[in-house]
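What follows is the residue order along each chain.
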Amino acid sequence: MTRPETPRWAWVLTGSGHFFVESFELIHTLTHCDVFVSKAAAEVLRMYKLKLDFPDTMRVLHDKTASSVPVGSFYHGVYHTVVIAPATSNTVAKCVVGISDTLATNVYAQAGKCRVPSIVFACDTAPELETMAPGGLVKVYPRRIDLENTAKLKTFERTQVVESLAELRLAIAHRREALAGDG
């Protein structure tokens with residue numbers, strides 16, 4: 001595989017429903033983006049009745065291999081930024097302890113090994129949250145360990161953890177600006 005003329009965004013969808021629809025809509029604002037769909041995300045897409053209908057400049061990569069074959073592209077300079085949004089507490093916890101046994105955690109690990117910046121929209125960021133489930137608004141109460149893992153992930157190099165949809169939008173806008181300045 002050769003380095004692409006236009007490096008791409010890598011957007012990972014996990015199994016969290018927390019601002020899933022809004023995160024999904026943000027993907028549509030990007031060009032040259034690969035969408036990594038975990039097995040759990042495929043289930044959430046069905047729950048929210050969303051379809052993977054993206055423009056031709058986007059590719060969809062499904063979680064179909066045990067070794068997460070699509071992550072090999074990081075070694076060839078294909079990606080300039082990783083976005084994991086929304087990120088489940090499971091994904092955050094595995095990233096914190098260095099477990100890379102899912103598509104999402106493999107993408108994060110390979111991005112780190114290749115010095116590709118990551119933006120992670122963590123779901124569990126406060127002791128009490130409201131989130132939209134397929135059946136309507138629900139209250140959730142993240143565990144102390146979930147909040148601690150989110151705090152730990154904030155200390156990782158080349159990782160920006162955002163806690164709200166507004167912060168996610170802003171982080172993407174800042175990354176776009178940074179990329180425009182590089183070109």
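Cut-offs used in this document
Residues numbered from 1 in each chain as written. Predicted model: local features only at pLDDT ≥ 70, side-chain atom pairs only at ≥ 80, totals over all residues. Heavy atoms only, no water. Axes fitted to C-alpha atoms, helices over the stretch in contact; angles between N-to-C directions. Helix = DSSP H or I, 4+ residues; strand = E, 2+ residues; numbered from the N terminus. Parallel < 35°, antiparallel > 145°, perpendicular 65-115°, else oblique. Left-handed = near helix turned anticlockwise from the far one by under 90°. Contact = heavy atoms within 4.5 Å. Pairing = 2+ DSSP bridges. Right-handed = clockwise from strand over helix to strand, strands pointing away. Salt bridge = Lys/Arg side-chain N within 4 Å of Asp/Glu carboxyl O. Buried < 20%, exposed > 50% of the residue type's maximum accessible area, 1.4 Å probe, protein only. Expected span 1.5 Å × (residues − 1). Arc of directions from axis to C-beta. Nonpolar A, V, L, I, M, F, W, Y, C, P; charged D, E, K, R; others polar.

Overview of the packing of helix α1 (residues 20–27) against helix α6 (residues 165–182)
Turning to step 1, where the next piece is worked out: Put simply, α1 and α6 touch, their axes get as near as 11 Å, and they point 15° apart. On the basis of the axis angle, α1 is roughly parallel to α6. The interaxial crossing formed by α1 with α6 has right-handed handedness. Together, Glu22, Ser23 and Leu26 of α1 and Leu165, Leu168, Arg169 and Ile172 of α6 make up the contact between the two elements.

Observations regarding the pairing of strand β3 (residues 58–62)
Turning to step 1, where the next piece is worked out: The pairing of strand β2 (residues 33–37) with β3 spans 5 bridges and is parallel. Paired with Phe36 across the bridge in β3 is Leu61.
Turning to step 2, where the next piece is worked out: Regarding the hand of the β-α-β motif, the stretch spanning β2, helix α2 (residues 39–47) and β3 is right-handed.

Focus on the pattern of salt bridges
Turning to step 1, where the next piece is worked out: Per the stated rule, a full pass over the model turns up 8 salt bridges.
Turning to step 2, where the next piece is worked out: Of the charged contacts in the structure, one is a salt bridge between Asp34 and Arg59, with a shortest N-O distance of 2.6 Å. Separated by 25 residues along the polypeptide, Asp34 in strand β2 and Arg59 in strand β3 bring together distant segments of the chain.
Turning to step 3, where the next piece is worked out: The exposure class of Asp34 is buried, given its relative accessible area of 0%.
Turning to step 4, where the next piece is worked out: We classify Arg59 as partly exposed; its relative accessible area is 40%.
Turning to step 5, where the next piece is worked out: A salt bridge links Asp146 to Arg143, with the shortest nitrogen-to-oxygen separation between them at 2.8 Å.
Turning to step 6, where the next piece is worked out: Here Arg143 falls in the exposed class, since its relative accessible area comes to 52%.
Turning to step 7, where the next piece is worked out: Via salt bridges that share partners, Arg8, Asp34 and Arg59 belong to a single interconnected network.

Quick word on the sheet that holds strand β5 (residues 118–122)
Turning to step 1, where the next piece is worked out: Strand order in the open sheet formed by 6 strands is β3-β2-β1-β4-β5-β8, and the pairing between neighbours is parallel. With one partner strand each, in any of the chains shown, β3 and β8 (159–162) form the two edges of the open sheet. Between one strand and the next, the sheet's axes are offset by a mean angle of 20°, whatever the strand orientation.
Turning to step 2, where the next piece is worked out: Summarising the sheet, β5 and β8 pair through 4 bridges and their orientation is parallel. Counterpart to Ser118 in the pairing with β8 is Thr159.

Things to note about α6
Turning to step 1, where the next piece is worked out: Over its 18 residues, α6 runs 26 Å from end to end, which matches the ideal 26 Å to within 8%, given 1.5 Å per residue.
Turning to step 2, where the next piece is worked out: Of the positions making up α6, those classed as buried are Leu165, Leu168, Ala171, Ile172 and Arg175. Projection of α6 onto a plane perpendicular to its axis shows the buried side chains occupying an angular sector of 120°, all on one side. Pointing more than 90 degrees away from the buried face of α6 are the exposed residues Ala166, Glu177, Ala180 and Gly181.

Some remarks on the packing of helix α3 (residues 89–97) against helix α5 (residues 144–153)
Turning to step 1, where the next piece is worked out: Two numbers describe how α3 lies on α5: the axes approach to 9 Å, and their chain directions differ by 50°. Between α3 and α5, the angle is such that the two are oblique. Between α3 and α5 lies a crossing of left-handed hand. Across from Ser89, Val92, Ala93, Cys95 and Val96 in α3, the residues of α5 making contact are Asp146, Asn149, Thr150, Lys152 and Leu153.
Turning to step 2, where the next piece is worked out: The residue inventory of the contact of α3 with α5, partitioned by class, reads 5 nonpolar, 3 polar and 2 charged.

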